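Architecture at a glance
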Amino acid sequence: MASKKNLLERLESGLVIGDGSFVFTMEKRGYVAAGPFTPEAAVLYPDAVRQLHREYLRAGSDVMQTFTFYSSDDKLQFQGVSEDKHRSHALTSAEINDSACDLAREVANEGDALVAGGLSPVPSYREGKGKEFVQEEFRKQCKVFREKDVDFLIGEFFASVEEAEWAIEVMKELKKPVACTMRICTRGDWKDVRPGDCAVRMAKAGADVVGVNCCYEPNMCLETMALMKAGLDGAGLKAHLIAQPVGFHTEEIGTNLSGYAALPDYPFAMETRMINRFDAQKFARKAYELGVRYIGGCCGFEPYHIRAMAEELAQERGKTPPGADMSPGVDGLKVSVMDYVAARANKEYWANLIPAAGRKDAKNLSELPRD
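Residue indices follow the written sequence of each chain, beginning from 1 at its first position. Thresholds applied to this predicted model are a pLDDT of at least 70 for local features of residues and 80 or more for the giving and counting of side-chain atom pairs; totals over whole chains, interfaces and linings are not thresholded and use all residues. Excluded from the side-chain calculation are hydrogens and water; included are all heavy atoms of the structure.

Re the environment of K129
To keep things clear, this is the line we draw: A run of DSSP states H or I qualifies as a helix once it reaches four residues; a run of E qualifies as a strand once it reaches two. Both are numbered from the N-terminal end. Polar contact is the term for a pair of N or O atoms within 3.5 Å; when the atoms are in protein, one must be able to donate a hydrogen and the other to accept it, and sequence-neighboring residues count only if both atoms are side-chain atoms.
Within the secondary structure, K129 sits in the loop between helix 7 (123-126) and helix 8 (131-147). At 3.3 Å, the side chain of K129 forms a polar contact with the side chain of E127.

Listed below in structure tokens is the structure:
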């Protein structure tokens, strides 16, 4: 069996489709507790995690990211996951990461996908425990990623570029490709470092791929990515770009540093804000035109959104997603027995559609407190 191209080889010769939501989707399915949003389901409910990986693989994802978001020992202790309260034994970061790696690898091997070991912010950084302590939390997670021989590392959801730099330094110790994303908008990070400077600092710390994920909708994500790209170009630095926004319409949050969590709808009433598959396609196309070559989604991006993006960029990728056999697109409506549905079998109809909320009491935008 021929060896798979690594992340950088894929990015240099084409593009990579990432996966989508995990903690948000797993919460809806009953396998993650809202609030903590920790990934103990990788141990307690492995079939559920495996199934979601498979759905993303079938949708066209080139990456199976380990379900290890918020899986550092200090986070698990902070949320009480590592205490023996409601289960037969306490769960550690090592246990969760070990199982998550096995699940991701199992499904990745069913196709041509890569496994990405994922890191995320740790409470120790917020608590001011210092670089050495914080990096040791990251290092404990990376120990499992090293043992499981993941294909590359990805840090995500960082609000401060300083913490991102610390994570990148640890991830580089594995001598694997490193991607890193931040949960920022055009305003910059939580310490007023501008997006372009964030990109430059991540690249200088050793990240091969830099960008943004979560918290903001696709349009804001692209605006922020443009600033990151300009920063890298201005500094004469080369790094691949990654964009993985939330799959919700969140126009009113603007540059609120809390992102979509500032919305009164978060987290239990976000469904009416979800983007549709055509929104996902528009995002993928614009991202590609901007020069982004690692395109995926975060909270709210379901497998069908990923499939829509993979279909939109099928020509550029040189392949269709595995699920293409059951995804004829709008042309499939032509055989509908309902004439008025069959009449919608054209791209122009869907491109020009303004979706309705379907409820009289729906608001266009929410009022938010100033951050």
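Details of the nonpolar core
Applicable threshold: Take the buried Ala, Val, Leu, Ile, Met, Phe, Trp, Tyr and Cys residues and link them wherever side-chain atoms come within 4.5 Å; each set so joined is a nonpolar core. Throughout, exposure labels follow a simple rule: accessible area from a 1.4 Å probe, protein chains only, divided by the maximum for the residue type, with under 20% read as buried, over 50% as exposed, and the rest as partly exposed. In this analysis, two residues are considered to be in contact whenever any of their non-hydrogen atoms come within 4.5 Å of each other.
Within the largest apolar cluster, 95 residues are counted, with the highest numbers of intra-cluster contacts made by M26, F67, M202, Y260 and F283. Residues within four places of F67 in sequence aside, it is in contact with F22, V23, M26, V32, P39, A41, A42, V49, I96 and A100. Counting 12 residues, the second largest nonpolar core, distinct from the first, contains L7, L11, I154 and I242.

A look at the pairing of strand 6 (residues 209-213)
Put simply, the test is: If DSSP finds at least two bridges between two strands, the strands pair. By convention, orient the strands away from the viewer: a clockwise path from the first strand over the helix to the second makes the crossover right-handed.
Of all five residues making up strand 6, five are buried, and the element is well covered by its neighbours. Side-chain alternation along strand 6 places V209, G211 and N213 on one buried face and V210 and V212 on a second face that is also buried. Of the strand pairs in this sheet, strand 5 (residues 178-182) and strand 6 are connected by four bridges, and their pairing is parallel. Looking at the pairing, T181 lines up with G211 of strand 6. For the crossover that starts at strand 5, traverses helix 10 (residues 195-205) and ends in the parallel strand 6, the hand is right-handed. Alignment of strand 6 against strand 7 (residues 240-244), held across five bridges, turns out to be parallel. Considered in strand 7, the bridge of N213 is made with Q244. Handedness of the β-α-β unit built from strand 6, helix 11 (residues 218-235) and strand 7 comes out right-handed.

Looking at a nonpolar patch on the surface
Selection criterion: Patch definition: residues with relative accessible area over 30% and no salt bridge; like charges joined within 9 Å; nonpolar side chains (Val, Leu, Ile, Met, Phe, Trp, Tyr) joined within 5 Å. Only the protein chains shown count as covering a residue, and every accessible area follows the Shrake-Rupley method with a 1.4 Å probe. Any Lys or Arg side-chain nitrogen located within 4 Å of an Asp or Glu carboxyl oxygen qualifies as a salt bridge.
On the surface, Y31, L44 and Y45 cluster together to form a nonpolar patch covering roughly 270 Å² of accessible area. Structurally, the position occupied by Y45 is in the loop between helix 3 (41-44) and helix 4 (46-59). Among the residues examined, Y45 registers a relative accessible area of 43% and is labelled partly exposed.

Considerations on the packing of aromatic side chains
Applicable threshold: Note on aromatic pairs: the rings of Phe, Tyr and Trp (six-membered ring only in Trp) are paired at centre separations within 6.5 Å, and the planes decide the class, stacked below 30 degrees, edge-to-face beyond 60, tilted for the rest. Any Lys NZ or Arg CZ found within 6 Å of a ring centre and within 35 degrees of that ring's normal is scored as a charge over the ring.
In the structure shown here, the tally under the stated rule is 18 aromatic pairs. Relative to Y56, the ring of F22 has its centre 5.9 Å away and its plane inclined at 40°; by these criteria the two rings are tilted. You can see F22 sitting in the loop between strand 1 (16-17) and helix 2 (23-28) and its partner Y56 sitting in helix 4, a full 34 residues away along the chain. Across the pair, Y56 and F22 agree in class, each one buried. The interplanar angle of 80° and the centroid separation of 6.3 Å between the aromatic rings of F152 and Y294 together place this pair among those described as edge-to-face. Residue F152 is found in strand 4 (residues 152-158), and its partner Y294 is found in strand 8 (residues 294-295); the two are separated by 142 residues along the sequence. Residue F152 is classed as buried on the basis of its relative accessible area of 0%. By relative accessible area, Y294 is classed as buried at 0%. Put simply, the rings of F24, F37, F248, Y260 and Y266 touch in pairs and so form one group of aromatic residues. Over the ring of W190 we find R183; its NZ or CZ atom is 5.4 Å from the centre of that ring.

Here's the deal with the layout of surface pockets
Over the atoms, a rolled probe matching the size of one water molecule traces out where space is still vacant. Filter applied, for reference: Lining residues are those with an atom within 4 Å of a point, where the points come from a 1 Å grid over the protein atoms alone and group into cavities, where a 1.4 Å probe fits but cannot get out, or pockets, open sets with protein on both sides within 12 Å along at least five of seven lines. Grid points are joined across faces, edges and corners, and a volume is the space filled by probe spheres set on the points. Polar here means any residue other than Ala, Val, Leu, Ile, Met, Phe, Trp, Tyr, Cys and Pro, which are nonpolar, and Asp, Glu, Lys and Arg, which are charged; Gly is therefore polar.
Space inside the largest pocket adds up to approximately 950 Å³. Along the wall of the largest pocket there are 29 residues; nearest its centre are H249, T272, R273, P355 and N364. Going through the elements one at a time, helix 12 (277-290) and helix 16 (347-352) are the ones with two or more residues in the lining of the largest pocket. Among the elements that take part in the lining of the largest pocket, helix 12 stands out by supplying three residues, more than any other. Of the residues contributing to the lining of the largest pocket, the split by class is 14 nonpolar, six polar and nine charged. As a volume, the second largest pocket reaches approximately 820 Å³. As for the second largest pocket, its lining consists of 42 residues, of which F69, Y70, P121, F157 and R183 are closest to the centre.

Remarks on the packing of helix 10 against helix 11
Stated formally: Working convention: axes come from line fits to C-alpha atoms, limited for helices to the stretch in contact. Angles between N-to-C directions cover 0 to 180 degrees. Geometric relationships in this document are graded by angle, where less than 35 degrees denotes roughly parallel, more than 145 denotes roughly antiparallel, 65 to 115 denotes roughly perpendicular, and other angles denote oblique. Crossings are classed by handedness, with left-handed meaning an anticlockwise turn of the near helix from the far one by less than a right angle and right-handed meaning a clockwise turn.
The N-to-C vectors of helix 10 and helix 11 enclose an angle of 55°; their axes lie 7 Å apart at closest approach. Here helix 11 runs oblique to helix 10, going by the angle between their axes. The chirality of how helix 10 crosses helix 11 is right-handed. Contact residues: P195, G196, C198, A199, V200, M202 and A203 in helix 10; T224, L227, M228, G231, L232 and A235 in helix 11. Looking at the contact of helix 10 with helix 11, its residues break down into 10 nonpolar, three polar and no charged.

Some details on the sheet that holds strand 2 (residues 63-65)
In spatial order, the strands read 1-8-7-6-5-4-3-2; together these eight strands make up an open sheet with parallel pairing. One side of each edge strand has no neighbouring strand; the edge strands of this open sheet are strand 1 and strand 2. With four bridges joining them, strand 3 (residues 114-119) and strand 4 adopt parallel strand pairing. Its bridge partner being in strand 4, L119 is matched across the sheet by G155. Contacts from helix 8 reach strand 3 and strand 4, with the element oriented near 165° to strand 3.

Remember that the coordinates give geometry; whether it matters functionally is a separate question.
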